Amino acid sequence: MTDLQSIVEEIARELEPRFGEGRVADYIPQLARVNPRQFGIAVTTVDGDMFLGGDAEVPFSIQSISKVFTLTIALGKHGESIWSRVGREPSGSAFNSIVQLERENGIPRNPFINAGAIAITDLVLAGHTPKEAIGEIVRFVRYLADEDGIVVDHEVAKSEAATGFRNHALANFMRSFGKLDHPVDHVLGVYFHQCALSMSCRQLAKAGLYLAGGGRNPTTGHRVVSHLRARRINALMLTCGHYDGSGEFAYRVGLPGKSGVGGGILAIAPGKASIAVWSPGLNDNGNSLLGSTALEMLAERTGWSIFGY
Ligand code: GLN
């Protein structure tokens, strides 16, 4: 176990000369002004041990990583019927692409591209006001991480709303196909707030632990989803979690992972650990450049991979 601590520290140390590499998201000022030289890593095992390196306690905008949590809520609420609204295939396109939507009649390719995540948020809204839905998401993430201090950064949410022209286009397009049940403003209001959740690597790793533990968080004992559902969420993270970079991530890291444009990545080593990394500089696909590299190093040094040993 101390082994893991030294691996995590080594990774942070070895990457230090590269801190600042990549391009920080600049579509909203709150992300553009984040110090690019930050790097954090947190590994929490199914035995309940936690290993931290670098800026693992610094909160950042989790952005699209929230899509894993809303997918889990939507599956809990509606079961497998959600798959009539969203597909399960990798898109091979950018996270905010609109091109496939028309050809595929307003059914987004998967729940992790923006269009798919917006469709999922529409399902989370069922029976709720937007405020209640946001409350449900925040409470769910706190429950997963077993931490009451997790909050939404309202400035980020406001900026997302002010600049989210493309997300408005995606949502309006789906609504025109009759594929959203709620007003576009309501759905996007919730979507922008889930993206604006602020969490540290330590909190995020804890929140993902149920996916490493066969649907049950081994530290709290909470059964969040069934074994089968956890396996399937992991499958979607592997095939779709990094947009058009998902194949490359599977090849290099070999673990299910979900990235966010804030520079975070949640990765799952099933039966072993939940891992969160964060570094704001992104690669060309909008995934954390050093975060992906750190996970590649971790997978190599621990032998963790879903493809063999
Ligand atoms: N808030 C961003 C958006 O909706 C999230 C995208 C991402 O993290 N890839 O465009």
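In case you missed it, the structure is sitting above this.
About the criteria used
- Position labels on residues start from 1 in each chain and follow its written sequence.
- Per-residue local features are limited, in this predicted model, to residues with pLDDT of at least 70; the limit for side-chain atom pairs, both in listing and counting, is 80 or more; totals at the level of whole chains, interfaces and linings are taken over all residues.
- The basis for the side-chain values is all heavy atoms of the structure; hydrogens and waters are excluded.
- Accessible area is worked out with a 1.4 Å probe on protein chains only. A residue is then buried under 20% of its type maximum, exposed over 50%, and partly exposed in between.
- Only DSSP runs of H or I with at least four residues qualify as helices, and only runs of E with at least two residues qualify as strands; both kinds are numbered from the N terminus onward.
- Whether two strands pair comes down to DSSP finding at least two bridges between them.
- If even one non-hydrogen atom of a residue comes within 4 Å of a molecule or strand, that residue is called near it.
- For the purposes of these results, a polar contact is taken to be a pair of N or O atoms within 3.5 Å, where, inside protein, one atom must be able to donate a hydrogen and its partner to accept one; residues adjacent in sequence count only when each atom of the pair is a side-chain atom.
- Computed with the Shrake-Rupley method and a 1.4 Å probe, the accessible areas treat only the protein chains shown as cover for residues.
- Just so you know the grouping, Ala, Val, Leu, Ile, Met, Phe, Trp, Tyr, Cys and Pro go in nonpolar, Asp, Glu, Lys and Arg go in charged, and all remaining residues, Gly too, go in polar.
- For the purposes of this section, nonpolar cores are sets of buried Ala, Val, Leu, Ile, Met, Phe, Trp, Tyr and Cys residues that join through side-chain atoms within 4.5 Å.
- Whether two residues are in contact is decided by their heavy atoms: any pair within 4.5 Å suffices.
- Axis definition: a line fit to C-alpha positions, over the contact stretch in the case of helices; interaxial angles, taken between N-to-C directions, run 0 to 180 degrees.
- Two rings from Phe, Tyr or Trp (for Trp, the six-membered ring) form a pair when their centres sit within 6.5 Å of each other. Planes less than 30 degrees apart are called stacked, planes more than 60 degrees apart edge-to-face, and all others tilted.
- Any Lys NZ or Arg CZ found within 6 Å of a ring centre and within 35 degrees of that ring's normal is scored as a charge over the ring.

Side note on the pairing of strand E1 (residues 40-45)
With respect to burial, E1 is a largely interior element, six of its six residues being buried. Residues Gly40, Ala42 and Thr44 point to one face of E1 and Ile41, Val43 and Thr45 to the other, with burial holding for every one of them. Pairing of E1 with strand E2 (residues 50-54), which is carried by five bridges, proceeds in the antiparallel orientation. If you follow valine 43 over to E2, its bridge partner there is phenylalanine 51. In this antiparallel pair of consecutive strands, E1 and E2, the connection spans four residues, and glycine 48 shows a positive phi of 95 degrees.

Some remarks on the pairing of strand E8 (residues 273-278)
Across the six residues that make up E8, a large majority, six, are buried. Every second residue of E8 is oriented toward a common face, with Ala273, Ile275 and Val277 on one face and Ser274, Ala276 and Trp278 on the other, all of them buried. By the bridge criterion, six bridges tie E1 to E8 in an arrangement that is antiparallel. The residue bridging isoleucine 41 from the neighbouring strand is valine 277, located in E8.

Structural notes on the site of the ligand
Neighbouring the ligand are Tyr27, Gln63, Ser64, Phe95, Asn114, Glu160, Asn167, Tyr191, Cys195, Tyr243, Gly260 and Val261. In this structure, tyrosine 27 approaches the ligand through a side-chain N or O atom, which is 3.2 Å from a nitrogen atom. Tyrosine 243 is positioned such that a nitrogen or oxygen atom in its side chain is 3.1 Å from a nitrogen atom of the ligand. Look at the ligand: alone it shows 290 Å² of surface, and the protein chains cover 96% of it. Residue composition of the shell around the ligand, grouped by class: six nonpolar, five polar and one charged.

A look at the nonpolar core
Among the nonpolar cores identified, the biggest contains 74 residues, and Phe69, Leu71 and Leu204 are the most heavily contacted of them. Looking at this core element by element, the count peaks at eight residues for helix H6 (residues 130-145). Other than its neighbours up to four places away in sequence, phenylalanine 69 contacts Ile62, Phe140, Val141, Leu144, Leu204, Ala207, Tyr210 and Leu266. Core analysis: the second largest hydrophobic core is formed by 27 residues, Ala12, Leu15, Ile275 and Val277 among them.

Structural notes on the sheet that holds strand E5 (residues 197-199)
Ordered by their spatial adjacency, three strands build an open sheet running E3-E5-E4, and the pairing between neighbours is antiparallel. With partners counted over all chains shown, the strands left at the sheet margins are strand E3 (60-61) and strand E4 (151-152), one partner each. Strand direction decides the pairing type here: E4 and E5, joined by two bridges, are antiparallel. Paired with valine 151 across the strands is serine 198, a residue of E5. Against the sheet, H6 engages E4 and E5, with an angle of about 15 degrees to E5.

As for the packing of aromatic side chains
Taken as a whole, this structure holds six aromatic pairs when the rule is applied. Their ring planes at 20 degrees and their centres at 5.6 Å tell us that phenylalanine 19 and phenylalanine 39 sit as a pair that is stacked. Remark: phenylalanine 39 occurs in the loop between helix H2 (29-32) and E1 and phenylalanine 19 occurs in the loop between helix H1 (2-15) and H2; sequence separation between them is 20 residues. The same class applies to phenylalanine 19 as to phenylalanine 39, namely buried. Between phenylalanine 95 and tyrosine 243, the ring centres sit 5.4 Å apart and the planes meet at 45 degrees, which makes this aromatic pair tilted. With phenylalanine 95 in the loop between helix H3 (66-78) and helix H4 (99-103) and tyrosine 243 in the loop between helix H12 (227-240) and helix H13 (246-252), the pair connects residues that are 148 residues apart, well separated along the chain. Residue classification places phenylalanine 95 among the partly exposed positions, given a relative accessible area of 23%. Looking at arginine 88, its charged tip hangs above the ring of tryptophan 83, at a distance of 5.1 Å from the centre.

A few points about helix H5 (residues 114-124)
Here H5 lies mainly inside the structure; 11 of its 11 residues are buried. When we look at burial in H5, the residues that qualify are Asn114, Ala115, Gly116, Ala117, Ile118, Ala119, Ile120, Thr121, Asp122, Leu123 and Val124. At its buried positions, H5 is contacted by H3, H4, H6, helix H8 (165-176) and helix H9 (184-195).

As for unusual backbone geometry
Excluding glycine, residues mostly carry a negative phi; peptide bonds, for their part, are mostly trans. Of note, the phi angle at glutamine 63 is positive, near 50 degrees, even though the residue is not glycine. Within the secondary structure, glutamine 63 is located in the loop between E3 and H3. The class of glutamine 63 is buried, set by a relative accessible area of 3%. Of note in the backbone geometry, tyrosine 243 takes a positive phi value of approximately 55 degrees without being a glycine. The exposure class of tyrosine 243 is buried, given its relative accessible area of 4%.

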